[in-house]
Amino acid sequence: MDVYGLLGNPVGHSLSPPMHEAAYDELGLEARYATFEPEEDDIGDAIRGADALGIAGLNVTIPFKQAVLEIVAPEDLATRIGAVNTIDFAGSGPPTGYNTDAVGALRALREHDIALEGEQAVVVGAGGAGRAIAFGLADAGATVAIANRTESKARDLAAAVPRATGHGLAALEQLLADADVLVNATSVGMDADATPVPEDALHGGLAVLDAVYSPLETRLLRDAADAGATTVDGAWMLLYQGVEAFEIWTGQDAPVDVMNEALRSRL
Ligand code: ATR
């Protein structure tokens, strides 16, 4: 029996267990996915304990993503982002840390036939999600403009991301006029009918991904659809970060449709 799980605090409402277990059932894998809530000070012990117990893989969420970077051997992208959300315990050396949030966003866009290479992308938000998405888009060859309520955070992030620029939210209208891709990486719109992007700034030449998945149809996505833009909801990003983790851990192609169904039936 392979044991996987999620480390976070709190993790009670996570959709990762049903999403991963649906994949194990589909492929006939002898595996389970559990949730663990260590105290913040115990994160090092938790990971060393998981390694000693032979746990196969862990996802990591708030508040541990940054701290875990210091405990595992992080991949280059995770190091640049400054956060780990997936740990693979395979092999005899220190466990490897990955950041599949970035790749999850890219796959969500690519699976909707949205091109990134050479395109102009705007990321709203410069927190944990914004960092991962900005690095991911830049790695995929997009030119990235980062707009954040706290402009200094956007500028600091832009200084670390290749070809990126940092702005306040007031610049959104101008930035979006020439943009091909827009990603909301703020929490605005979560469980509220609010949007960080002025409706008038949206247009039919945009593809819009909202990292918020509750509700699935955020005000931003509704405005974007009204403007004729292509829309991608946050459940796709959640799905593909899980798909990436599954594939790192098992070395098998994930049953994406089954995982998607398990996720969406609970949203
Ligand atoms: P996460 O890890 O989910 O990205 P975070 O690191 O707390 O969470 O970042 C939250 C992001 O949402 C930030 O970009 C934040 O902007 P600030 O850096 O200015 O705080 C943004 N955000 C949260 N509430 C917002 C609001 N009401 N309007 C605009 N941006 C908001």
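Quick caveat, the model's predicted, so the values are computed rather than measured.

**What to know about the nonpolar core**
Thought 1: Membership of the largest hydrophobic core comes to 56 residues, with the highest contact counts inside it found for Ile133, Leu137, Val144, Ile146, Leu239 and Met259.
Thought 2: With 9 residues, the top contributor of residues to this core is helix α10 (residues 234–250).
Thought 3: A domain-level breakdown of this core finds at least three residues from each of domain 1 (2–98 + 236–265) and domain 2 (102–232).
Thought 4: When residues no more than four places from it in sequence are discounted, the contact partners of Ile133 are Ala105, Val123, Val183, Ala185 and Met237.
Thought 5: If you look at the next biggest cluster of nonpolar residues, it comprises 18 residues, including Leu182, Val208, Leu221 and Ala224.

**Some details on the pairing of strand β10 (residues 181–184)**
Thought 1: Side chains Val181 and Val183 of β10 all project onto a buried face; the interleaved residues Leu182 and Asn184 project onto the opposite face, where all are buried too.
Thought 2: Inspection of the sheet shows strand β7 (residues 120–124) paired to β10 by 4 bridges, in the parallel sense. Within β10, the residue paired with Ala121 across the bridge is Val181.
Thought 3: Both β10 and strand β11 (residues 207–210) contribute to a ladder of 4 bridges, which runs parallel. In the strand pairing of β11, Val183 is matched with Leu209.

**Notes on the pattern of salt bridges**
Side chains that differ in charge, positive against negative, can pair when their charged atoms come close.
Thought 1: Applying the stated criterion across every chain, the model contains 9 salt bridges.
Thought 2: A salt bridge links Lys65 to Asp101, with the nearest nitrogen and oxygen atoms 2.8 Å apart. Pair noted here: Lys65 is in helix α3 (residues 65–69) and Asp101 is in helix α5 (residues 100–110), with a separation of 36 residues, a long-range link. Note on accessibility: Lys65 and Asp101 belong to one class, buried.
Thought 3: Glu151 serves as the salt-bridge partner of Arg155, at 2.7 Å between the closest nitrogen and oxygen. Here Glu151 and Arg155 lie together in helix α7 (residues 151–160), a separation of 4 residues that amounts to about one turn.
Thought 4: For Arg155, a relative accessible area of 48% gives the class partly exposed.

**Some thoughts on the sheet that holds strand β3 (residues 57–60)**
Thought 1: Here we have 6 strands laid out as an open sheet, ordered β2-β1-β3-β5-β6-β4, and mixed in their pairing. Strands with a single pairing partner mark the edges of an open sheet, and in this sheet they are β2 (31–36) and β4 (73–74).
Thought 2: Judged from the 3 bridges that link them, β3 and strand β5 (residues 86–88) form a sheet pairing that is antiparallel. The residue of β5 that forms the bridge with Leu58 is Ile87.
Thought 3: Its contacts with the sheet put helix α1 (residues 16–27) on β1 (2–7), β2 and β3, and the angle it makes with β2 is roughly 170°.

**Notes on the packing of α5 against α10**
Thought 1: Interhelical geometry of α5 versus α10 gives an angle of 120° and a closest axis separation of 7 Å. Judged by the inter-axis angle, α5 sits oblique to α10. Once α5 is placed against α10, the crossing between them reads as right-handed. Residues Thr100, Asp101, Val103, Gly104, Ala105, Arg107 and Ala108 of α5 pack against Trp236, Met237, Tyr240, Gln241, Val243, Glu244, Ala245, Glu247 and Ile248 of α10.
Thought 2: For the contact of α5 with α10, a count of residues per class yields 9 nonpolar, 3 polar and 4 charged.

**A look at the sheet that holds strand β12 (residues 230–232)**
Thought 1: The strand order β9-β8-β7-β10-β11-β12 describes an open sheet built from 6 strands, whose pairing is parallel. Single-partner strands in this sheet number two, and they are β9 (165–168) and β12. Averaged over all pairs of adjacent strands, the angle between strand axes in this sheet comes to 20°, irrespective of strand direction.
Thought 2: Pairing geometry for β7 and strand β8 (residues 143–148), over 5 bridges, is parallel.

What counts as what
Each chain has its residues counted from 1, following the order in which its sequence is written. For this predicted model, a pLDDT threshold of at least 70 governs which residues receive local features, and a threshold of 80 or more governs which side-chain atom pairs are given and counted, while totals over whole chains, interfaces and linings are taken from all residues. In computing side-chain values, all of the structure's heavy atoms are included and hydrogens and water are not. What is meant by a nonpolar core is a set of buried Ala, Val, Leu, Ile, Met, Phe, Trp, Tyr and Cys residues, joined one to another through side-chain atoms within 4.5 Å. To sort residues, take the accessible area from a 1.4 Å probe on protein chains only and compare it with the maximum for the residue type: under 20% means buried, over 50% means exposed, and anything in between is partly exposed. In this description a helix means any DSSP run of H or I spanning at least four residues, a strand means any run of E spanning at least two, and both kinds are numbered starting from the N terminus. The split of the chain into domains comes from an automatic or database domain assignment. Here, two residues are considered to be in contact whenever any of their heavy atoms come within 4.5 Å of each other. For two strands to be treated as a pair, DSSP must find at least two bridges joining them. Within this document, salt bridges are pairs made up of a side-chain nitrogen of Lys or Arg and a carboxyl oxygen of Asp or Glu, the two lying within 4 Å of each other. Simply put, an axis is a line fit to the C-alpha atoms, just over the touching stretch for a helix, and the angle between two N-to-C directions goes from 0 to 180 degrees. Just so you know how the angles are binned, under 35 degrees is roughly parallel, over 145 roughly antiparallel, 65 to 115 roughly perpendicular, and the rest oblique. A crossing counts as left-handed when the near helix is turned anticlockwise from the far one by less than a right angle, and as right-handed when that turn is clockwise. Residues were grouped as follows: Ala, Val, Leu, Ile, Met, Phe, Trp, Tyr, Cys and Pro as nonpolar; Asp, Glu, Lys and Arg as charged; and all remaining residues, including Gly, as polar.

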